[in-house]
Amino acid sequence: WQLVVRHPSLFFSSAAQFVPQMVNSLNRIGLSPNCSVENRKLAVELAQLIIAWEQQRLELAQHKALIGGAVEERKASTS
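Residues numbered from 1 in each chain as written. Predicted model: local features only at pLDDT ≥ 70, side-chain atom pairs only at ≥ 80, totals over all residues. Heavy atoms only, no water.

Some points on the packing of aromatic side chains
For any pair of aromatic rings, the description consists of the separation of the ring centres together with the inter-plane angle of the planes.
Stage number 1. Under the definition given, this model contains two aromatic pairs.
Stage number 2. Taking 6.2 Å as the distance between ring centres and 75 degrees as the angle between the ring planes, the aromatic pair formed by tryptophan 1 and phenylalanine 18 counts as edge-to-face. Placement of the pair is tryptophan 1 in the segment before helix H1 (2-6) and phenylalanine 18 in helix H3 (residues 15-30), with a sequence separation of 17 residues.
Stage number 3. Using a relative accessible area of 31% as the deciding quantity, one classes tryptophan 1 as partly exposed.
Stage number 4. By way of ring pairs, the aromatic residues Trp1, Phe11 and Phe18 are connected into one cluster. (Phe/Tyr/Trp six-rings, centres within 6.5 Å; stacked < 30°, edge-to-face > 60°. Helix = DSSP H or I, 4+ residues; strand = E, 2+ residues; numbered from the N terminus. Buried < 20%, exposed > 50% of the residue type's maximum accessible area, 1.4 Å probe, protein only.)

Here it is, written out as structure tokens:
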């Protein structure tokens, strides 16, 4: 998971496939009482990445909606 955390933009297009596995991995990686500090840090970074990807997805969806609305307005005004 460290590769994904270090290069999130490379994996954003496949985030839908990664996120469920990331969420399932959080318990094993960072929540056990005897896990290392590095694993706890990785678990936090994974959680932050999931949130960042979701925010980015929402921003893209909003941007597409705005662009789509502008195109529809232009079509309506030229008709």
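Description of the nonpolar core
Stage number 1. By size, the foremost hydrophobic cluster in this structure holds 14 residues, and its most contacted members are Val4, Met22, Leu46, Leu49 and Trp53.
Stage number 2. It is helix H4 (residues 37-78) that provides the largest number of residues to this core, a total of six residues. (Core = buried A, V, L, I, M, F, W, Y, C linked by side-chain atoms within 4.5 Å.)

Here we look at H3
Stage number 1. At asparagine 24, H3 shows its largest kink, close to 35 degrees.
Stage number 2. Along H3, the positions that sit buried rather than exposed are Ala15, Met22, Ser25, Leu26, Ile29 and Gly30. (Bend = angle between axes of the 7 residues up to and from the residue.)

Thoughts on the environment of alanine 16
Stage number 1. With respect to the element layout, alanine 16 can be found in helix H3.
Stage number 2. The spacing of alanine 16 and glutamate 54 is 38 residues in sequence and 9.7 Å in space, taken between C-alpha atoms.

Topic: the side chain of serine 25
Stage number 1. With respect to the helices and strands, the residue serine 25 is situated in helix H3.
Stage number 2. Looking at serine 25, its side chain comes within polar contact range of the side chain of tryptophan 1, at 3.3 Å.
Stage number 3. Within the structure, the side chain of serine 25 is placed 2.8 Å from the backbone oxygen of glutamine 21, a separation counted as a polar contact. (Polar contact = N/O pair within 3.5 Å; in protein donor to acceptor, adjacent residues only side chain to side chain.)

Here's the deal with the pattern of salt bridges
Stage number 1. Using the criterion set out here, one finds one salt bridge in the structure.
Stage number 2. For glutamate 54, the salt bridge is made with arginine 57, and the minimal N-O distance between the two is 2.5 Å. One end of the pair is glutamate 54 and the other is arginine 57, both in helix H4 and three residues apart, which spans about a single turn.
Stage number 3. Residue classification places glutamate 54 among the partly exposed residues on the basis of a relative accessible area of 35%.
Stage number 4. Arginine 57 gets classed as partly exposed once you look at its relative accessible area, which sits at 42%. (Salt bridge = Lys/Arg side-chain N within 4 Å of Asp/Glu carboxyl O.)

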